[in-house]
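What follows is the residue order along each chain.
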Amino acid sequence: MSINTFLRERKSTRTFKEKALNSDVVSSILNAMSEFDQCETVEFKLLEDGDRVYKALDGKAGYAGIMIKAPAYLAVNYKDESKYGKIHGAYKIEELITKLVKLGLSTCWITVSYLDEATKNEIEVNEHTDYIIALGESAESTILNSAPTSSRRDVTKLVFMGDFDTPADPDELANLGLLDLFSSARYAPSHMNRQPWRFLVGKKKVELYIKNDKHVNTSLTDAGIIMYYYDGLLKAMGGTGEWDISVDDSENIDGYIKVGEHNL
């Protein structure tokens, strides 16, 4: 399956089969996690006793306030809680999640950053754990959604040319070889589907901005996710390069701050 199809059809899972992960699956998860042992910004911990985690967090965390019951969870611990660390860490989280989905697992992000120390201790995570990822076999018909119901903004609402007063011209993006990339990238997951990112395309680079509001911390995570998919889509198209993550709070344009740039 191409990354374009994967991204357009992927969905989070809210309902999992009450079926424990077998030893082979656990081994595969641990192997995938081990590839990130040297990551500078995040580390992962597998919580195999999903029932214990669910009972500890029921009524305290979950998607839209409802705790997701799963056979296991993946704890995400930040080694670096700077803005750079949040973005780079989210990039790596989504990279690992993609590997887990390819193993046939379904996933769902759950925010736990606001939980008290006692609750975090109860599920054996530390104060640096902002998210846990529900893991297991979906009880739904598919882990992909052939007809996404969540609306996504049009490319011209997310991508601009030169300045934020000039929505991107699809023909011009096509000439740059970026129209298909941005058309797919807009399906990247974000917190509550807010799509808090904006792209500014210049002559030699693409700049990424996020909305600087009360949700900025989750938007930093969303920035890392969109960077991951941008790179994946670019690579699938034969392109190269990587994001230079550099949060600039002073470069505030219409309530958006710059968080990175990518050379064209």
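Residues numbered from 1 in each chain as written. Predicted model: local features only at pLDDT ≥ 70, side-chain atom pairs only at ≥ 80, totals over all residues. Heavy atoms only, no water.

**As for the overall build of the protein chain**
So, point 1. Each helix and strand in the protein chain was counted, giving nine helices and nine strands.
So, point 2. At 19 Å, the protein chain has a C-alpha radius of gyration in line with the 18 Å of a compact globule built from 264 residues.
So, point 3. Overall size of the protein chain, expressed as C-alpha extent along the three principal axes, is 50 × 40 × 35 Å.
So, point 4. The burial tally for the protein chain puts 48% of its 264 residues in the buried class.
So, point 5. Carbon and sulfur atoms provide 45% of the accessible area of the protein chain, an area that totals close to 12600 Å².
So, point 6. Counting 31 positive and 41 negative side-chain charges, the protein chain places the centres of these two groups 4 Å from one another. (Helix = DSSP H or I, 4+ residues; strand = E, 2+ residues; numbered from the N terminus. Rg over C-alpha atoms; globule rule 2.2 N^0.38 Å. Buried < 20%, exposed > 50% of the residue type's maximum accessible area, 1.4 Å probe, protein only. Areas by Shrake-Rupley, 256 points an atom, 1.4 Å probe, with all protein chains shown as cover. Lys, Arg positive; Asp, Glu negative; His and termini not counted. Charge placed at Lys NZ, Arg CZ, Asp CG, Glu CD.)

**Concerning the sheet that holds strand E9 (residues 256-263)**
So, point 1. Strand order in the open sheet made by the five strands is E5-E6-E7-E9-E8, with mixed pairing throughout. Edge positions in the sheet fall to strand E5 (159-161) and strand E8 (244-253), since each has one partner strand and no second. Sheet twist, expressed as the mean angle between neighbouring strand axes with direction ignored, is 30°.
So, point 2. Where strand E7 (residues 205-211) and E9 come together, seven bridges link them in antiparallel fashion. The residue of E9 that forms the bridge with Tyr-209 is Lys-258.
So, point 3. Docked against the sheet, helix H4 (residues 83-102) engages E8 and E9, running at close to 125° with respect to E8.
So, point 4. Strands strand E6 (197-201), E7, E8 and E9 of the sheet are contacted by helix H9 (residues 216-236), whose axis makes an angle of about 155° with E7. (Pairing = 2+ DSSP bridges. Axes fitted to C-alpha atoms, helices over the stretch in contact; angles between N-to-C directions. Contact = heavy atoms within 4.5 Å.)

**Considering the sheet that holds strand E2 (residues 72-78)**
So, point 1. Taken in spatial order, the four strands line up as E1-E2-E4-E3 in an open sheet, and their pairing is antiparallel. Two strands lie at the open edges of the sheet, namely strand E1 (42-47) and strand E3 (106-111), each paired on one side alone. For this sheet, the mean inter-axis angle between neighbouring strands, taken without regard to orientation, is 25°.
So, point 2. Strand direction decides the pairing type here: E3 and strand E4 (residues 129-136), joined by six bridges, are antiparallel. Residue pairing for E4: Thr-111 is matched across the bridge by Tyr-131.
So, point 3. In this fold helix H3 (residues 50-57) packs onto E1, E2 and E4, with an angle of close to 65° to the strand it touches most, E2.

**Some thoughts on the pattern of salt bridges**
So, point 1. All chains considered together, the criterion is met by 15 salt bridges.
So, point 2. Notably, a salt bridge pairs Asp-49 with Arg-52, separated by 3.8 Å at the nearest N-O pair.
So, point 3. A relative accessible area of 40% places Asp-49 in the partly exposed class.
So, point 4. Here Arg-52 falls in the partly exposed class, since its relative accessible area comes to 28%. (Salt bridge = Lys/Arg side-chain N within 4 Å of Asp/Glu carboxyl O.)

**Examining the side chain of Lys-86**
So, point 1. Looking at where Lys-86 falls in the secondary structure, it is placed in helix H4.
So, point 2. Of the residues examined, Lys-86 reaches a relative accessible area of 11% and is grouped as buried.
So, point 3. One polar contact links Lys-86 to Asp-130, side chain to side chain, over a distance of 2.3 Å.
So, point 4. In this view, Lys-86 contacts Tyr-78, Asp-80, Glu-81, Asp-130, Leu-220 and Thr-221; residues no more than four positions away in its chain are not counted. (Polar contact = N/O pair within 3.5 Å; in protein donor to acceptor, adjacent residues only side chain to side chain.)

**A look at the packing of aromatic side chains**
The geometry of two aromatic rings is summed up by the distance between their centres and the angle between their planes.
So, point 1. A full pass over the atoms with the stated rule returns 12 aromatic pairs.
So, point 2. Taken together, a centroid distance of 5.4 Å and an interplanar angle of 80° make the contact between Phe-160 and Phe-164 edge-to-face.
So, point 3. The class of Phe-160 is buried, set by a relative accessible area of 11%.
So, point 4. With a relative accessible area of 16%, Phe-164 lands in the buried category.
So, point 5. Judged by centre distance (6.5 Å) and plane angle (40°), the rings of Phe-199 and Trp-243 are tilted. A residue pair is termed long-range when its members are at least 10 positions apart, and Phe-199 in strand E6 and Trp-243 in the loop between H9 and E8 qualify at 44 residues. (Phe/Tyr/Trp six-rings, centres within 6.5 Å; stacked < 30°, edge-to-face > 60°.)

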